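Each chain, written out:
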Amino acid sequence: MIKLPDGPKTPPWLQLLQWIADPLGYMETSFQRYGDFFTARWGNLYPKAVFISNPQAIQEIFTADPKLFDSGRGNGLGKVVVGEHSILLLDGSSHQRRRRLLTPPFHGERMQAYGDLICTLAKQVSSQWTIGKPFSVRKSMQEISLRVILQAVFGLNEGPRYEELRQLLAEMMDMTVSPLRASMLFFKFLQKDLGAWSPWGSFRRRQQQIDRLLYAEIQDRRRQNDLERSDILSLMISARDEQDQQMTDEELHDELITLLLAGHETTASSLCWALYWIHYQPQVRDKLLQELNSLGADPDPTDIVRLPYLTAVCQETLRIYPPLFLTWPRILKAPLKLGDYHFDTDTVLLPCIYLTHQREDLYPEPKQFKPERFLKRQYSPFEFFVFGGSNRRCVGAALAMFEMKLVVATIVSNYQLALTDSQPVKPQRRGFFLAPAAGFKMMITGRRVRQEQPSQPVGSSI
Ligand code: HEM
């Protein structure tokens, strides 16, 4: 029986540098040479980690008993950003308990309640655009997604603390854009505070300022003890475990920063890409407008999110450049056989979202943006898994899809937009995430007046 798949032969430190500087190139070259399974060697980070882009194997991983894997200990790299008490770093029963606490506020009726707020925030931010004046798409989308997460989920109202937090979070993420700066997240020896002007020094200072604001908010909320509030922070403050213990300030802080970062960075990138593709391919924009107009003036958010073509545009956006290249690592706690391979305990398995979404056999012409593929075919959760799967599946998946559709619909139906450059926008690493290259700009060329049209189905809902 073959134990580990073959993989790149370059020295581990060079492989890790390639992964940091050119993650898509690293994955694509390895996939072409070694196929659905290959073993990456990244020195101390992961001496051996198996990339998997085979839907059958991914199905086996996602449907296996979750007790077979640890993910938290594989996410150790994130500790410097989100802290050791974050759900990302938990495993076993403490992870299960945290999920039980965090999942309900992101589902069902709670989500519907955010609909109007999301549309209002998208209108507020886009109203700052001036006709004919280029604007940074990243800045605007980041502003929307941060406002959504701060207001809708944390119940933070506008005010000095809210504004400062919004500014600092955006600045902190902007600091991880270039490969060089992203490297400080991967190499401990670069995590040296050499003063306010050094990369790590300025990153840490932002972090400390954010911490100060979050702890102040936690203290205020504890004092207020308002049992009527239903936002996540309030729920976490009032939650008690089996031993009747409340979450400590550190635990609350780590979870807040996790949700703030996980919840806004990914969604902001997805929104940027959606606007890019819709305007890069005018036929997509026209079809989308036709569908949006079929709802008439002032449609209800619950009707907007059900639109099939809009849904397909958002799915295709998330397929082609998923904000996360990989799911969390799955570290085996017992041996496992997958396909022709027999993996020992402690092997790190990496279900690869990007490579699976680029499979020619699932998505013909995978580099082409074609929303129609999602109308013609229903993909399984092992073929399209932008939000991961099983017990680690993204807690905010429903909110992210809901927000994406409403923001895109609000902007596209109110503004005529144009790309300022005809060159394709390239994806690049942004910290641990994949995002459109910085500096991507658009401008409004006019405002739209919503036209009522007779309802005309563009495709079937999936
Ligand atoms: C387009 C937007 C988003 C994408 C593509 C995305 C993707 C992912 C992925 C791939 C994972 C790992 C899943 C796995 O390993 O199986 C994850 C986990 C997670 N996401 Fe998201 N996410 C998005 C938005 C959000 C939002 C809006 C929130 C919350 C406000 C959020 C909170 C989380 C949390 C807390 C986890 C950790 C789950 C765990 O470890 O149990 N994400 N996300």
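Every chain is numbered on its own, with residues counted from 1 as its sequence reads. Where local features are concerned, this predicted model is filtered to residues with pLDDT of at least 70; where side-chain atom pairs are given and counted, the filter is 80 or more; whole-chain, interface and lining totals use all residues. With hydrogens and water stripped out, all remaining heavy atoms of the structure feed into the side-chain values.

- The protein chain is annotated in an unreviewed UniProt entry as Cytochrome P450 from Brasilonema sennae CENA114.
- UniProt positions are given in the numbering used here, feature names are shortened, and annotations may be inferred rather than shown by experiment. A UniProt comment under Cofactor (unreviewed entry) is attached to the protein chain, and it reads "heme".

1. Considerations on the pattern of salt bridges
Reasoning step 1: Salt bridge, as used here, is a side-chain nitrogen of Lys or Arg placed within 4 Å of a carboxyl oxygen of Asp or Glu. In total, this model carries 34 salt bridges according to the counting rule given.
Reasoning step 2: Residue glutamate 265 is joined to arginine 430 by a salt bridge in which the shortest nitrogen-to-oxygen separation is 2.5 Å. Taken together, the positions of glutamate 265 in helix α13 (residues 249–280) and arginine 430 in strand β10 (residues 427–430) put the pair 165 residues apart, joining distant regions of the chain. For the residue pair glutamate 265 and arginine 430, the accessibility class agrees, reading buried in each case.
Reasoning step 3: With a closest N to O distance of 2.4 Å, lysine 370 and glutamate 365 form a salt bridge. Where helices and strands are cited, they refer to DSSP runs of H or I of at least four residues and of E of at least two residues respectively, numbered from the N terminus. Summary of the burial criterion: residues with accessible area below 20% of their type's maximum are buried, those above 50% are exposed, and those between are partly exposed, where the area comes from a 1.4 Å probe applied to protein chains only.

2. Some points on the site of the ligand
Reasoning step 1: Neighbouring residues are identified by heavy atoms, a residue being near a molecule or strand if any of them is within 4 Å of it. In the vicinity of the ligand lie 30 residues, with His95, Arg99, Trp328, Arg330 and Cys394 positioned nearest.
Reasoning step 2: If you list the elements that add at least two residues to the shell around the ligand, you get α5 (92–102) and α13.
Reasoning step 3: Gly is placed with the polar residues, together with every amino acid not listed as nonpolar (Ala, Val, Leu, Ile, Met, Phe, Trp, Tyr, Cys and Pro) or charged (Asp, Glu, Lys and Arg). For the shell around the ligand, the class distribution of residues is 16 nonpolar, 10 polar and 4 charged.

3. A closer look at the confidence of the model for the protein chain
Reasoning step 1: Each residue carries a pLDDT score, the predictor's own confidence in it, on a scale running from 0 to 100. With 96% of its residues at a pLDDT of at least 70, the protein chain reaches an overall mean of 90.
Reasoning step 2: Here, residues are in contact when the closest pair of their heavy atoms is within 4.5 Å. Predicted confidence is poor over residues 454–462, with pLDDT under 50, and the contacts of this stretch with residues over four places away or in other chains come to 15 contacts.
Reasoning step 3: Across the interface, the model reports ipTM at 0.99; the global pTM reads 0.93.

4. Section: the sheet that holds strand β12 (residues 441–447)
Reasoning step 1: Taken together, the 3 strands give an open sheet; going across it, the order is β4-β12-β9, and neighbouring strands pair in antiparallel fashion. Looking along the sheet, the strands with just one partner apiece sit at the ends: β4 (135–136) and β9 (415–419).
Reasoning step 2: Bridge count between β9 and β12: 5 bridges; the pairing is antiparallel. Paired with leucine 417 across the bridge in β12 is isoleucine 444.
Reasoning step 3: Contacting β9 and β12, α13 runs over the sheet at an angle of about 85° to β9. Paired strands, as defined in this entry, are two strands with at least two bridges between them according to DSSP. Lines fitted to C-alpha atoms define the axes here, with helix axes fitted over just the stretch in contact, and angles between the N-to-C directions of these axes take values from 0 to 180 degrees.

5. Considerations on the side chain of serine 269
Reasoning step 1: Its place among the elements puts serine 269 in helix α13.
Reasoning step 2: For serine 269, a relative accessible area of 1% translates into the label buried.
Reasoning step 3: When neighbours within four sequence positions are excluded, serine 269 is seen to be in contact with Arg138, Leu434, Ala435 and Pro436.

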